[in-house]
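The residues making up each chain are set out below.
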Amino acid sequence: MTPTTNEATDSRRPGAKPRITRDDIESKLRNIAGPVEDNVERAQSMAVAVGVAVGALLVVTAYFLGRRKGRKRTPVVEIRRI
């Protein structure tokens, strides 16, 4: 005769495995996810800083390239007195 699920996990029987509850699973997942969440927060703040730096670099580059192009196209007008 095979034991039923309740008999196999009954904690009153000697040698029986203890029941795993939802609280046990949640606490274990929190222990695992804790350090991971800290690393994610640090990576996000670093990503924001890098994004701002890249954006600023793009704006400055566009400014100088536009300035150079404007100088090339601007005609030089000489005014001579006769």
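Since the model is a prediction, treat every value here as computed from it, not as a measurement.

Colleague: I would appreciate a short explanation of the overall build of the protein in the present structure.
Modeller: For the protein, the helix and strand inventory stands at 2 helices and 0 strands. Here the protein, with 82 residues, has 0% of them falling under the buried criterion. Accessible surface for the protein amounts to roughly 8,400 Å². Of this, 61% is attributable to carbon and sulfur atoms.

Colleague: Explain a nonpolar patch on the surface here, please?
Modeller: Side chains of Ile20, Ile25, Leu29 and Ile32 sit close together on the surface and give an oily, nonpolar patch of about 430 Å² of accessible area. Positionally, Leu29 belongs in helix 2 (residues 22-73). Since its relative accessible area comes to 51%, Leu29 is described here as exposed.

Colleague: Hey, could you run me through the packing of aromatic side chains in this one?
Modeller: Remark: the centre distance and the inter-plane angle together describe each pair of aromatic rings, the angle taken between the planes. Under the counting rule described, the total for this entry stands at 1 aromatic pair. Pairing Tyr63 with Phe64 gives two aromatic rings, centres 5.2 Å apart and planes at 70°, and the pair type is edge-to-face.

Colleague: Would you take a moment to explain the pattern of salt bridges for this structure?
Modeller: Where side chains of opposite charge bring their charged atoms close, a pairing between them can arise. Counting across every chain of the model gives 2 salt bridges. Residues Glu78 and Arg80 are paired through a salt bridge, measuring 3.8 Å at the closest nitrogen-oxygen approach. Looking at Glu78, the relative accessible area reads 59%, which means it is exposed.

The rules behind these values
- Residues numbered from 1 in each chain as written.
- Predicted model: local features only at pLDDT ≥ 70, side-chain atom pairs only at ≥ 80, totals over all residues.
- Heavy atoms only, no water.
- Helix = DSSP H or I, 4+ residues; strand = E, 2+ residues; numbered from the N terminus.
- Buried < 20%, exposed > 50% of the residue type's maximum accessible area, 1.4 Å probe, protein only.
- Areas by Shrake-Rupley, 256 points an atom, 1.4 Å probe, with all protein chains shown as cover.
- Patch = residues over 30% accessible without salt bridge, like charges linked within 9 Å, V, L, I, M, F, W, Y side chains within 5 Å.
- Salt bridge = Lys/Arg side-chain N within 4 Å of Asp/Glu carboxyl O.
- Phe/Tyr/Trp six-rings, centres within 6.5 Å; stacked < 30°, edge-to-face > 60°.

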